[in-house]
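The lines below spell out each chain.
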Amino acid sequence: MNLLDVENLWVRFPSRRGVFDAVRGVSFTLGRERLGIVGESGSGKSMTGRAILRLIRPPGIVTADQISLEGVDLMKKSEREMRSVRGQRISMVMQDPKFSLNPVMTIGNQIIEAYRLHNRASKSEAYAKSLEMLEAVSIRDPERVMRAYPHEMSGGMGQRIMIAMMLIPNPEILIADEPTSALDVSVQRQVLDIMDRLVKERGMGLIFISHDLNLVADFCDRVLIMYAGRIVEICDADKLHDAQHPYTRGLLNSLPRLDAPKDRLEVLQRDPEWADADSVSGRV
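Residues numbered from 1 in each chain as written. Predicted model: local features only at pLDDT ≥ 70, side-chain atom pairs only at ≥ 80, totals over all residues. Heavy atoms only, no water.

Peer 1: Please provide a residue-by-residue account of the pairing of strand β11 (residues 230-236), values included.
Peer 2: Among the 7 residues that make up β11, 5 are buried, leaving the element largely enclosed by the rest of the structure. Bridge count for strand β10 (residues 222-227) against β11 is 6 bridges, and the pairing is antiparallel. Paired with Y227 across the bridge in β11 is R230. In this structure, the hairpin formed by β10 and β11 is closed by a connection of 2 residues, where A228 is found at a positive phi of approximately 55°. (Buried < 20%, exposed > 50% of the residue type's maximum accessible area, 1.4 Å probe, protein only. Helix = DSSP H or I, 4+ residues; strand = E, 2+ residues; numbered from the N terminus. Pairing = 2+ DSSP bridges.)

In structure tokens form, the structure reads like this:
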């Protein structure tokens, strides 16, 4: 059984010009794998991740034939029931995760709170578990970090702390929304290695949302390419550079390459028919 089945997901927002469709008929599955979602800004990547956790608030409208977590349809759960899903079964690392931390609480108190919210544990047990998780994401001197405040941490440390906080309830699925976009290459690789190791050790499913095609091709198992709220192509990550859809080809050709320098990069040419085409199914 798949960890996650998404069928015909739509996210809509009313506006003065009518209803805007941010996500349109998206369908895919997630197993115990690293699934990448790529596309330009505004393609619907982040909205898809938020909709899975039902984090889209009114006036936003989310509809789907089903969003099933191991056979249980999340669309049929009440808001109260969803609170036991968020964090405990599905966690999400938001964009610029450091800024998701509470600036007036110590890091230790925030991680302890995240753990005790989903587990009946004493504060001392939660403290020990928090130290263990900070060590798991390669943070040195975790006791000092537990006493620190978010503004005392670098960008890379903040990313790791948020990953630790999202993983401490031991979720089945982690949705990572561009968690490495603000990091330099060396720290980026460290964060990816941490996520990769934890996914493999825990047997989790990972949805990795990014605009970096080369990064996704190197890190993920499968890739969904989104344009204007739709999935236009699905392929194995190691075959991404052989993708056939003209939008995917355009994204790839617009990237600078050290092995094939050009005087001028290609400009992505968009076809209105790509947005109107039928949604591609991502089932395997």
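Peer 1: Mind laying out the layout of surface pockets, listing which residues take part and the relevant values?
Peer 2: Considered as a void within the structure, the largest pocket measures approximately 530 Å³ in volume. Along the wall of the largest pocket there are 22 residues; nearest its centre are R86, G87, L117, H118 and M166. The element that contributes the greatest number of residues to the lining of the largest pocket is helix α3 (residues 107-118), accounting for 5 residues. Here the lining of the largest pocket is built from residues that sort into 13 nonpolar, 6 polar and 3 charged. Residues lining the lining of the largest pocket come from more than one domain, with at least three contributed by each of domain 1 (1-86 + 221-284) and domain 2 (97-202). (1 Å grid on protein atoms, 1.4 Å probe; cavity = no way out; pocket = protein on both sides within 12 Å on 5 of 7 lines; lining within 4 Å. Points joined across faces, edges and corners; volume = space filled by probe spheres on them. Nonpolar A, V, L, I, M, F, W, Y, C, P; charged D, E, K, R; others polar. Domains from an automatic or database assignment.)

Peer 1: Could you give an account of the packing of α3 against helix α4 (residues 123-136), with specific residues and numbers?
Peer 2: It is the contact of α3 with α4, at a shortest axis distance of 9 Å, that shows an interaxial angle of 110°. The pairing of α3 with α4 is recorded here as roughly perpendicular in orientation. Crossing angle aside, the handedness with which α3 passes α4 is right-handed. On α4, the residues touching N109, I111, I112, Y115 and R116 of α3 are K123, A126, Y127, K129, S130 and L134. Along the lines of polarity and charge, the residues of the contact of α3 with α4 split into 6 nonpolar, 2 polar and 3 charged. (Axes fitted to C-alpha atoms, helices over the stretch in contact; angles between N-to-C directions. Parallel < 35°, antiparallel > 145°, perpendicular 65-115°, else oblique. Left-handed = near helix turned anticlockwise from the far one by under 90°. Contact = heavy atoms within 4.5 Å.)

Peer 1: Residues and numbers for the side chain of D177, please.
Peer 2: Checked against the element boundaries, D177 lands in strand β8 (residues 173-177). A polar atom in the side chain of D177 sits 2.7 Å from the side chain of S46. Residues contacting D177, with those up to four places away along its chain left out, are S46, M92, V93, M94, Q95 and I209. (Polar contact = N/O pair within 3.5 Å; in protein donor to acceptor, adjacent residues only side chain to side chain.)

Peer 1: Describe the nonpolar core, with residues and values.
Peer 2: Grouped together as the largest cluster of nonpolar side chains are 59 residues, with contacts concentrated most on I161, M195, F208 and I225. Of the residues that make up this core, three or more belong to each of domain 1 (1-86 + 221-284) and domain 2 (97-202). Among all residues touching I225, those that are not within four sequence positions of it are V38, R230, I231, V232, E233, C235, L240, Y247, T248 and L251. Listed in part, the 30 residues of the second largest apolar core include F28, L53, I67 and I175. (Core = buried A, V, L, I, M, F, W, Y, C linked by side-chain atoms within 4.5 Å.)

Peer 1: Explain the pairing of strand β3 (residues 34-38) to me, using residue names and the numbers behind them.
Peer 2: Counting buried positions over the 5 residues of β3 gives 5, a clear majority of the element. The two faces of β3 match: R34, G36 and V38 on one face and L35 and I37 on the other face are all buried. The pairing of β3 with β10 spans 4 bridges and is classified as parallel. The residue bridging G36 from the neighbouring strand is V223, located in β10.

Peer 1: Can you tell me about the environment of S210, naming the residues and giving the values?
Peer 2: With respect to the element layout, S210 can be found in strand β9 (residues 205-210). You can call S210 buried: its relative accessible area is 5%. Expressed as a C-alpha distance, the spacing of S210 and E40, which sit 170 residues apart in the sequence, is 8.9 Å. Engagement of the side chain of S210 in a polar contact is seen with the backbone nitrogen of D212, the distance being 2.9 Å.

Peer 1: Which residues make up the sheet that holds β8, and what are the values?
Peer 2: Pairing is mixed across the open sheet formed by 6 strands, whose spatial order is β7-β8-β9-β3-β10-β11. Edge positions in the sheet fall to β7 (90-93) and β11, since each has one partner strand and no second. Across the sheet, the mean angle from the axis of one strand to that of its neighbour is 15°, orientation sign disregarded. Contacting β10 and β11, helix α9 (residues 246-253) crosses the sheet at an angle of about 100° to β10.

Peer 1: Give me the lowdown on the pattern of salt bridges, citing residues and values where you can.
Peer 2: Oppositely charged side chains can form a pair if their charged atoms are brought close together. Taken as a whole, this structure holds 17 salt bridges when the rule is applied. For the salt bridge of R144 with D141, the shortest nitrogen-to-oxygen distance reads 3.7 Å. Between R197 and E201 there is a salt bridge; the shortest N-O distance is 3.8 Å. With R197 and E201 both in helix α7 (residues 185-202) and 4 residues apart, the pair spans about one turn of that helix. Residue classification places R197 among the partly exposed residues on the basis of a relative accessible area of 32%. (Salt bridge = Lys/Arg side-chain N within 4 Å of Asp/Glu carboxyl O.)

Peer 1: Explain the domain arrangement of the protein chain residue by residue, including any values.
Peer 2: Taken domain by domain, the protein chain holds domain 1 (1-86 + 221-284) and domain 2 (97-202). Distance between the C-alpha centres of domain 1 and domain 2: 26 Å. Taken together, the contact between domain 1 and domain 2 spans 13 residues of the former and 9 residues of the latter. For the pair domain 1 and domain 2, the two sides together bury roughly 810 Å², of which 58% comes from carbon and sulfur. It is L3, R34 and S46 in domain 1 that bury the most area against domain 2; as a group they hold 38% of the surface buried on that side. Linking domain 1 to domain 2 there are 1 salt bridge. When residues in the side of domain 1 that touches domain 2 are grouped by element, the largest group, 4 residues, is from helix α1 (residues 45-52). (Buried area = accessible area lost by both parts, 1.4 Å probe.)

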